[in-house]
Amino acid sequence: EAVETEEEQKRAAGIILEEAERLDHLVSDLLTLSKLDSGVIELNMQSFDPNPLIENILERLQFQIKAKDLSIDKEFTENLTISADAEKIDRLFSNLVDNAVKFTNMGGKISISTYPLKNKVVIKIGDTGVGIPEDELGRIFERFYRVDKSRSREQGGTGLGLAIVKHIIEAHQQTINVRSSLNEGTSFVFTLKKA
C-alpha cells in the first residue's frame, strides 16, 4: 500500500534487487572464506596462461571501465604458464581488478603486467585511484575491513574480497604485497608458481 505509482513500484523493485544481490555476494564470499579456512577445499591444479584469464575479466568489467573512462595499460609476457587452480585464480584476479575499477576516479588508469622471475610468474595490478593511508595498509586483508566506511554502501562489495585474495595466495603457497599512496593509487604484486 505504501507504493502506489508504477514509478514507485519500479524504484522499490530496484532497491529489492540491489539488496538481494548484495546479500547473495555476502553469502557467497562467506562460504568461500569458510571453505578456505577449513582446509577442506582442494586446489584443482592445472597449467594455464594467466593472460587470457585477465583479458576475460577485463571484458566482463568493460561496462564499468567505459562508464568511468578508464584507460587500461597491459604489459603481458606472452606464453606464460602457471600451475594453479584456475577457478580460484579467476576469483583472485576478479577481486583485484574490480577493486581497481571501483576505487579509480573518472579518467584514471589501471595497469596490469605479467612477467616471469626464476621459477615464478609475477603479476602486478595497479591503479591511479584514491589510494590507502599508510597506517591502514596492515589491515586491508582483514575480513569486513574497509578503509573508507562512508563509501562502502556506494561502492558495493562485502568487505571480504581482499581476505579471499590473501587466502587464495596462501593456499598456493605464494606471497602478495601492496603499495599505496593516498590520492595517487595502489598496486598489488603477487607471485604464482611457473608450470
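Residues numbered from 1 in each chain as written. Predicted model: local features only at pLDDT ≥ 70, side-chain atom pairs only at ≥ 80, totals over all residues. Heavy atoms only, no water.

Chemist: Any chance you could explain the confidence of the model for the chain here in plain terms?
Modeler: Caution applies to low-pLDDT parts of the model: their predicted coordinates are not meant to be read in detail. Per-residue confidence for the chain gives a mean pLDDT of 87; residues scoring 70 or more make up 88%. Taken as a whole, residues 150-154 scores under 50 in pLDDT and shows 5 contacts with residues more than four places along the chain or in a different chain. (pLDDT = per-residue confidence, 0-100. Contact = heavy atoms within 4.5 Å.)

Chemist: What is the right way to read the packing of helix α4 (residues 86-102) against helix α6 (residues 161-171) from this model?
Modeler: Between two packed helices, both the angle of their axes relative to each other and the distance between the axes serve to describe the pair. Across the interface, α4 lies against α6 with an axial gap of 9 Å and an inter-helix angle of 140 degrees. Crossing angle aside, the handedness with which α4 passes α6 is left-handed. Taken together, the residues of α6 that come into contact with α4 (itself represented by Lys 88, Ile 89, Arg 91, Leu 92, Asn 95, Leu 96 and Asn 99) are Gly 161, Leu 162, Ile 164, Val 165, Ile 168 and Ile 169. Along the lines of polarity and charge, the residues of the contact of α4 with α6 split into 8 nonpolar, 3 polar and 2 charged. (Axes fitted to C-alpha atoms, helices over the stretch in contact; angles between N-to-C directions. Helix = DSSP H or I, 4+ residues; strand = E, 2+ residues; numbered from the N terminus. Left-handed = near helix turned anticlockwise from the far one by under 90°. Nonpolar A, V, L, I, M, F, W, Y, C, P; charged D, E, K, R; others polar.)

Chemist: Looking at this structure, I do not really get the side chain of Thr 114. What am I missing?
Modeler: Mapping Thr 114 onto the fold places it in strand β4 (residues 109-117). By relative accessible area, which is 1% here, Thr 114 ends up buried. Within the structure, Thr 114 has its side chain in polar contact with the side chain of Asn 51 (distance 2.9 Å). Once residues within four sequence positions are removed from consideration, Thr 114 is found in contact with Asn 51, Ile 54, Glu 75, Phe 76, Thr 77, Leu 80, Val 122 and Ile 123. (Buried < 20%, exposed > 50% of the residue type's maximum accessible area, 1.4 Å probe, protein only. Polar contact = N/O pair within 3.5 Å; in protein donor to acceptor, adjacent residues only side chain to side chain.)

Chemist: Just checking my understanding: could you explain the side chain of Thr 186 for this structure?
Modeler: By the element assignment, Thr 186 lies in strand β7 (residues 185-193). Judged by its relative accessible area of 7%, Thr 186 falls in the buried class.

Chemist: Teacher, can you tell me more about the packing of aromatic side chains here?
Modeler: One pair of aromatic rings is described through two measures. These are the centre distance and the angle between the planes. Inspection of every chain in the model, using the stated rule, returns 2 aromatic pairs. For the ring pair Phe 93 and Phe 190, a centre distance of 6.0 Å and an interplane angle of 45 degrees mean the geometry is tilted. Of the two residues, Phe 93 sits in helix α4 while Phe 190 sits in strand β7, which places them 97 residues apart along the sequence. What makes Phe 93 buried here is its relative accessible area of 0%. Phe 190 sits in the buried class, given a relative accessible area of 0%. Arranged with centres 6.3 Å apart and planes meeting at 75 degrees, the rings of Phe 141 and Phe 188 form a pair that is edge-to-face. Taken together, the positions of Phe 141 in the loop between β5 (120-127) and α5 (152-155) and Phe 188 in strand β7 put the pair 47 residues apart, joining distant regions of the chain. By relative accessible area, Phe 141 is classed as buried at 17%. (Phe/Tyr/Trp six-rings, centres within 6.5 Å; stacked < 30°, edge-to-face > 60°.)

Chemist: Help me understand the pattern of salt bridges, please; the structure alone is not making it clear to me.
Modeler: Two side chains of opposite charge can pair, provided their charged atoms sit close to one another. If you walk through the whole model with that rule in mind, you get 7 salt bridges. In this structure, Arg 139 engages Glu 142 in a salt bridge whose closest nitrogen and oxygen atoms are separated by 3.1 Å. A salt bridge links Lys 166 to Glu 170; the nearest nitrogen and oxygen atoms lie 3.9 Å apart. Placement of both Lys 166 and Glu 170 in helix α6 is noted, with a separation of 4 residues, approximately one turn of the helix. (Salt bridge = Lys/Arg side-chain N within 4 Å of Asp/Glu carboxyl O.)

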